[in-house]
Amino acid sequence: MRLIPAITFLMLFFAAVGFAQDIDVLVKSRLTQEQKVNGWLAGDISEWRITDQYTDRQTGFTYAYVQQRYNNIPVYNAISVFLIKDSQVRYFREGLVSGLENSITDEKAVITAEDAIGFALTHLGEAQPSGLKVISTDLKDNTYAFDAPAITRSPVSVQLVYRPTEKGVKLAWNVSME
């Protein structure tokens, strides 16, 4: 009797994995098509990650949000939207930074993640933080979480990102606190 739920779970799991792989293939294919149309460089579409995906039950459309990356670092707000139905991309809104590789002006962050929290607080008119303590580090995603009891009860999240500006694309820290 226990075998039936286990088999059902495995079937659903492999169907979901197969569907996710199908979406990856569709995204890659569409980005390659758009590269030719838009004159993007190979590096503009070589590194990306699906950051969110869901299927609307009423319409059957799967919405996939794709974040552009470079050197495994996300490009801030460089998010393309894909609407997929019946294994076809029905709608695409590009959000890529064109010529990204040639626009990057910084190869290394100028300040630390801790300093970024201080700058964010100064920008908000708050005092410099004290007692910051790293509680987790994800080097794969260049993300750090800090305990900052003087600022907030929730952890402060800091992630290294590429930030497009009028003067090029710079490394920056995306600071999130509640």
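Because the structure is a prediction, the values reported are computed rather than measured. (Residues numbered from 1 in each chain as written. Predicted model: local features only at pLDDT ≥ 70, side-chain atom pairs only at ≥ 80, totals over all residues. Heavy atoms only, no water.)

A. Representation of the nonpolar core. Core analysis: the largest hydrophobic core is formed by 20 residues, its most contacted members being Leu100, Val158 and Tyr162. Secondary structure elements with two or more residues in this core: strand 3 (73–85), helix 4 (113–123), strand 7 (156–165) and strand 8 (168–176). Val27, Ile45, Phe82 and Phe92 belong to the second largest nonpolar core, which has 13 residues in total. (Core = buried A, V, L, I, M, F, W, Y, C linked by side-chain atoms within 4.5 Å. Buried < 20%, exposed > 50% of the residue type's maximum accessible area, 1.4 Å probe, protein only. Helix = DSSP H or I, 4+ residues; strand = E, 2+ residues; numbered from the N terminus.)

B. Structural context of the side chain of Thr152. Turning to its location among the elements, Thr152 is positioned in the loop between strand 6 (143–147) and strand 7. With relative accessibility at 8%, the residue Thr152 sits in the buried group. In this structure the side chain of Thr152 is engaged in a polar contact, spanning 3.2 Å, whose partner is the backbone nitrogen of Ser154. (Polar contact = N/O pair within 3.5 Å; in protein donor to acceptor, adjacent residues only side chain to side chain.)

C. Quick peek at the side chain of Arg69. Position of Arg69 relative to the elements: it lies in strand 2 (residues 62–70). Here Asn72 takes part through its backbone oxygen, which lies 2.8 Å from a polar atom of the side chain of Arg69.

D. Representation of the environment of Gln88 within the structure. With respect to the secondary-structure elements, Gln88 resides in strand 4 (residues 88–93). When the C-alpha positions of Gln88 and Asp22 are compared, they lie 9.9 Å apart, and in sequence the two are 66 residues distant. In this structure Gln88 touches Leu26 and Leu83, once residues within four positions along its chain are discounted. (Contact = heavy atoms within 4.5 Å.)

E. Seen up close, the packing of aromatic side chains. Within the structure shown, the criterion is met by four aromatic pairs. Ring geometry for Phe82 and Phe92: centres 4.8 Å apart, planes at 55 degrees, overall tilted. Of the two residues, Phe82 sits in strand 3 while Phe92 sits in strand 4, which places them 10 residues apart along the sequence. Phe92 carries the same exposure label as Phe82, and that label is buried. The interplanar angle of 65 degrees and the centroid separation of 5.9 Å between the aromatic rings of Tyr144 and Trp173 together place this pair among those described as edge-to-face. With Tyr144 in strand 6 and Trp173 in strand 8, the pair connects residues that are 29 residues apart, well separated along the chain. (Phe/Tyr/Trp six-rings, centres within 6.5 Å; stacked < 30°, edge-to-face > 60°.)

F. Layout of helix 4. For helix 4, the full list of buried residues reads Ala113, Ala116, Ile117, Gly118 and Leu121. In this structure, the buried residues of helix 4 make contact with strand 6, strand 7 and strand 8. Residue Gly125 follows helix 4 closely and has a positive phi angle near 80 degrees.

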